[in-house]
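An overview of the molecular structure
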Amino acid sequence: MKYINAAAILPDALVKELQKYVQAGYIYVPASDGQRRTWGERSGYRKELQKRNEKILAEYQQGASADDLADRYHLSVYAIRKIIYQK
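Cut-off values and rules
- Residues numbered from 1 in each chain as written.
- Predicted model: local features only at pLDDT ≥ 70, side-chain atom pairs only at ≥ 80, totals over all residues.
- Heavy atoms only, no water.
- pLDDT = per-residue confidence, 0-100.
- Helix = DSSP H or I, 4+ residues; strand = E, 2+ residues; numbered from the N terminus.
- Core = buried A, V, L, I, M, F, W, Y, C linked by side-chain atoms within 4.5 Å.
- Buried < 20%, exposed > 50% of the residue type's maximum accessible area, 1.4 Å probe, protein only.
- Axes fitted to C-alpha atoms, helices over the stretch in contact; angles between N-to-C directions.
- Left-handed = near helix turned anticlockwise from the far one by under 90°.
- Contact = heavy atoms within 4.5 Å.
- Nonpolar A, V, L, I, M, F, W, Y, C, P; charged D, E, K, R; others polar.
- Patch = residues over 30% accessible without salt bridge, like charges linked within 9 Å, V, L, I, M, F, W, Y side chains within 5 Å.
- Areas by Shrake-Rupley, 256 points an atom, 1.4 Å probe, with all protein chains shown as cover.
- Salt bridge = Lys/Arg side-chain N within 4 Å of Asp/Glu carboxyl O.
- Arc of directions from axis to C-beta.

**Focus on the confidence of the model for the protein chain**
Residue-level pLDDT values for the protein chain average 90, and 98% of them are 70 or greater. The least confident element of the protein chain, judged by mean pLDDT, is helix α1 (residues 6-9) at 90; the most confident is helix α4 (residues 66-73) at 97.

Put into structure tokens, the structure is as follows:
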């Protein structure tokens, strides 16, 4: 998340009203309910992890061991087991 100077995007009257409550501080403005996104949705990383996890599960079902998968994907054996047993 990047910070935006309020004076650059808000009307002067609204900036002056905000300054009554906060001076030179940070305010988090949450998205409205219809605009919220889940973690990784914006960057696409969630889908990327899902594809990786599906590939790990498929390789496991084809006979690869959890130790081999952990080495191949640079994850712990515990993380591999969580991926395998989550479905």
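**So, the nonpolar core**
It is characteristic of soluble globular proteins that their nonpolar side chains tend to be buried jointly. Core analysis: the largest hydrophobic core is formed by 10 residues, namely Ile56, Leu57, Ala64, Ala66, Leu69, Ala70, Tyr73, Ile80, Ile83 and Ile84. The set of elements that each furnish at least two residues to this core consists of α3 (45-61), α4 and α5 (77-85). No other element matches α4, which puts four residues into this core.

**Description of the packing of α3 against α4**
Orientation of α3 relative to α4, taken along the N-to-C sense of each, is 145 degrees, at an axis distance of 10 Å. Where α3 crosses over α4, the handedness of that crossing is right-handed. Every residue of α4 that contacts α3 at Arg52, Lys55, Ile56, Glu59 and Tyr60 is listed here: Leu69, Arg72 and Tyr73. When the residues that make up the contact of α3 with α4 are grouped by side-chain class, the tally is four nonpolar, no polar and four charged.

**Thoughts on the environment of Ile56**
Tracing the chain through its elements places Ile56 in helix α3. Overall, the relative accessible area of 0% leaves Ile56 in the buried class. Residues Ile56 and Ile80, spaced 24 residues apart in sequence, show a C-alpha to C-alpha distance of 7.8 Å. Residues within four places of Ile56 in sequence aside, it is in contact with Leu69, Tyr73, Leu75, Ile80 and Ile83.

**Quick notes on the side chain of Asn53**
For Asn53, the position within the fold is in helix α3. In this structure, Asn53 is in contact with Ile83 and Gln86, ignoring residues within four places of it in sequence.

**A word on a nonpolar patch on the surface**
On the surface, a cluster of nonpolar side chains totalling about 350 Å² of accessible area is made up of Leu14, Leu18, Ile27 and Val29. Looking at where Leu18 falls in the secondary structure, it is placed in helix α2 (residues 12-19).

**Describing α5**
Burial in α5 covers these residues: Ile80, Ile83 and Ile84. Taken down its axis, α5 places every buried residue within 100 degrees of arc, on the same side. Away from its buried face, by an angle of more than 90 degrees, α5 presents the exposed residues Tyr78, Lys82 and Tyr85. Contacts from the buried residues of α5 go to α3 and α4.

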